Amino acid sequence: MESKSITKQFHSYLWAFILVALSACMGNVVDGIIVGNLISEDGVSAINLSKPINQFIFTLHLLINAGAGMLVAFALGRNNLAEARRYFTRALSLSACLGLLLTIFGGLLFPDATARMLCSNDHILPLANDYMRVLLIGSPVYILMFGLSTMVGVDGKPKLVSLAVIVDNVLNLFLDIVFIKWFDWGIAGSSSATVVGHVVGIAILLTHWWKPENRRLRFDFSLSDSVPARSLYGKIISQGAPLAIASICLTLLLFSANSIVLSTLGRTGIFAFAVCMNLLQIYNLFLSGTCQTLQSLGAVQAGKGDEQGLRMVLRHAFRFITVAMIVTCVYVLVWPQSIVYLFGADEVAFVTEGARALRIFSVSFIPFCYIYVMMIVYKLYGHHRMALFISFALSLTVIPVLWIMSRTSPQLLWYSYLIAYAIVVLAIVLIHKLSHVELKLKEPADTQS
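Residues numbered from 1 in each chain as written. Predicted model: local features only at pLDDT ≥ 70, side-chain atom pairs only at ≥ 80, totals over all residues. Heavy atoms only, no water.

**Comments concerning the overall build of the protein chain**
- Looking only at helices and strands, the protein chain has 17 helices and 0 strands in total.
- Counting every position in the protein chain, which comprises 449 residues, the buried fraction comes to 58%.
- At a minimum sequence separation of 6, the contacts of the protein chain that also span at least 24 residues come to 82%.
- For the protein chain, the exposed surface amounts to about 18,400 Å²; the carbon and sulfur share of it is 68%. (Helix = DSSP H or I, 4+ residues; strand = E, 2+ residues; numbered from the N terminus. Buried < 20%, exposed > 50% of the residue type's maximum accessible area, 1.4 Å probe, protein only. Contact = heavy atoms within 4.5 Å. Areas by Shrake-Rupley, 256 points an atom, 1.4 Å probe, with all protein chains shown as cover.)

**Some thoughts on the packing of aromatic side chains**
- A full pass over the atoms with the stated rule returns 19 aromatic pairs.
- Summarising the aromatic geometry, the rings of phenylalanine 88 and tryptophan 209 are spaced 5.7 Å apart at their centres and angled 35° between planes, so their arrangement reads as tilted. Of this pair, phenylalanine 88 sits in helix H4 (residues 81-109) while tryptophan 209 sits in the loop between helix H9 (188-206) and helix H10 (229-304), placing them 121 residues apart in sequence. The pair phenylalanine 88 / tryptophan 209 is uniform in exposure class, with both members buried.
- Summarising the aromatic geometry, the rings of phenylalanine 368 and tyrosine 372 are spaced 6.2 Å apart at their centres and angled 45° between planes, so their arrangement reads as tilted. Here phenylalanine 368 pairs with tyrosine 372, and both are found in helix H13 (residues 348-380), just 4 residues apart, close to one helical turn.
- On the basis of relative accessibility, which here comes to 15%, the residue tyrosine 372 falls in the buried class.
- What links up through ring pairs into an aromatic cluster is the set Phe273, Tyr283, Phe361, Phe365, Phe368, Tyr372, Trp414, Tyr417 and Tyr421. (Phe/Tyr/Trp six-rings, centres within 6.5 Å; stacked < 30°, edge-to-face > 60°.)

**Comments concerning the pattern of salt bridges**
- Scanning the model with the defined rule gives 7 salt bridges in all.
- A salt bridge links glutamate 83 to arginine 78; its shortest N-O distance comes to 2.9 Å.
- Residue aspartate 122 pairs with arginine 116 through a salt bridge whose shortest N-O separation is 3.2 Å.
- Take arginine 116: its relative accessible area is 42%, and that puts it in the partly exposed class.
- Three or more residues joined by partner-sharing salt bridges are found here, namely Asp112, Asp130 and Arg133. (Salt bridge = Lys/Arg side-chain N within 4 Å of Asp/Glu carboxyl O.)

**A short note on H4**
- Between its first and last C-alpha, H4 extends 41 Å over 29 residues, near the 42 Å set by a 1.5 Å rise per residue.
- Where H4 bends most, the angle comes to about 25°, and this point is threonine 103. (Expected span 1.5 Å × (residues − 1). Bend = angle between axes of the 7 residues up to and from the residue.)

**Details of a nonpolar patch on the surface**
- Judged by side-chain polarity, Leu101, Ile104, Phe105, Leu108, Leu109, Phe110 and Ile137 come together as a nonpolar surface patch covering roughly 660 Å² of accessible area.
- Considering each element in turn, the nonpolar patch owes the most residues, 5 residues, to H4.
- When you line up the elements, leucine 108 lands in helix H4.
- Owing to a relative accessible area of 54%, leucine 108 belongs among the exposed residues under this scheme. (Patch = residues over 30% accessible without salt bridge, like charges linked within 9 Å, V, L, I, M, F, W, Y side chains within 5 Å.)

**Structural notes on the packing of helix H3 (residues 51-77) against H4**
- Remark: H3 packs on H4, axes separated minimally by 8 Å, with the N-to-C direction vectors making an angle of 175°. Of the possible angle classes, the one that applies to H3 and H4 is roughly antiparallel. Contacts between H3 and H4 involve Phe56, Ile57, Leu60, Ile64, Asn65, Ala68, Leu71, Val72, Ala75 and Leu76 from the first element and Leu81, Glu83, Ala84, Tyr87, Phe88, Ala91, Leu92, Leu94, Ser95, Leu98 and Leu102 from the second.
- For the contact of H3 with H4, the class distribution of residues is 18 nonpolar, 2 polar and 1 charged. (Axes fitted to C-alpha atoms, helices over the stretch in contact; angles between N-to-C directions. Parallel < 35°, antiparallel > 145°, perpendicular 65-115°, else oblique. Nonpolar A, V, L, I, M, F, W, Y, C, P; charged D, E, K, R; others polar.)

**Notes on the nonpolar core**
- By size, the foremost hydrophobic cluster in this structure holds 145 residues, and its most contacted members are Phe273, Phe361, Tyr372 and Tyr417.
- If you tally residues by element for this core, the top one is H10, at 28 residues. (Core = buried A, V, L, I, M, F, W, Y, C linked by side-chain atoms within 4.5 Å.)

**What about the state of the cysteines?**
- Tallied over the full model, the rule gives 0 disulfides.
- Just so you know, cysteine 119 is unpaired, no disulfide at all, and the nearest cysteine sulfur is the one on cysteine 276, 19 Å from it.
- Judged by relative accessible area, which is 0%, cysteine 119 ranks as buried. (Disulfide = S-S within 2.5 Å.)

**Considerations on the side chain of serine 191**
- Residue placement: serine 191 occurs in helix H9.
- You can call serine 191 buried: its relative accessible area is 0%.
- Setting aside anything within four residues of it in sequence, one finds serine 191 in contact with Asp130, Tyr131, Val134 and Leu135.

**Overview of the environment of leucine 358**
- If you trace the backbone, leucine 358 turns up in helix H13.
- For the pair formed by leucine 358 and leucine 163, sequence separation is 195 residues and the distance between their alpha carbons is 31 Å.
- Apart from the residues lying within four places of it in its own chain, the contact partners of leucine 358 are Val275, Cys276, Leu279, Val332, Pro336, Ile339 and Val340.

**Some details on unusual backbone geometry**
- Positive phi is not limited to glycine here, since asparagine 79 has a value of about 60°.
- Relative to the helices and strands, asparagine 79 resides in the loop between H3 and H4.
- Despite not being glycine, aspartate 184 shows a phi value in the positive range, around 60°.

Shown next as structure tokens:
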């Protein structure tokens, strides 16, 4: 009976989070398609060059809200509402403050310097500048949308999160066309549409607190006698650090990869790379749904100390992600041109290079997904050092491989990711065996430390 209950909960969380990821994924991908067709291939490249900013904002969310979300889940699993509310309060307050700092410094004081730092091509720079300025000004909306989605999901309302994100992205896509084509705002209209969509999404998420029975999580700035404020923030950051570090490394990777590809393969190469990063959004659709389910339902089982329940969640997760990746990879290997054409490519060079890169990346992203899921698994079992190692290795290994390939074999540059992830897999296996790591639940107190 317990087995059926966990299976039902798993699929309930999984499909709700996949709907969230699908909506976000389609928002990002279709965003690129609209810009590619209404503006140019360089517009697609400009959006890709701005992704380090998106990734940095998401990093702040992971550091604060993802870490706090797991702590809230542990506390709810032990029926400790007071502790859950304290983590919830600190996480959202800190998110809002950091978002405002990004608005002031990145969006208002130094927008031109930020764009120049991320884009070295004078032909693409004006588009990148217009897009990034609006993105940075809307930073608080981005991080609060991510944070509230996490907390409402952990509080047992994943379907409301699905609704909010779906409405958010549908509105975003509609306003893309309105702002770009009808208002003639150019590429700034695309980022403006995203900000407006997030505002509406936040409004929907806040309806979670309309009903008294949904107020398990609410603002509580009080402190317990045994837990000082510094300790609360320390635990939040400690819990979210591996995920945040992985994201920081990914931000650095995006910045480095964009620079290397642009300098090595030019406009054709950076367009192909942008299309491949949109393919990654499809993989992230399944990866995000799986990982958020693990962080929510898996953390509750860990908080209860239910070893069998946690292992059942893990089996469902690995089975699902395997099937999803195989289906996606086969499609891309057989019909890569169909993806390239979606982004407005009409020159033979853009189509040829894009199709070649897509085939290679479709295979490269498979080990990436498994590695990322294993990082969550190590966190759930309390092996924080292993999770931390994966956080660093997942992206930082790619940068030197990418640089070496650009200098020695630029025609094989797209294989850099696959080679790097193979190295990371071997390193994880060796460290796991040499360190005698065991995937068994520790005592509840250790699990959250």
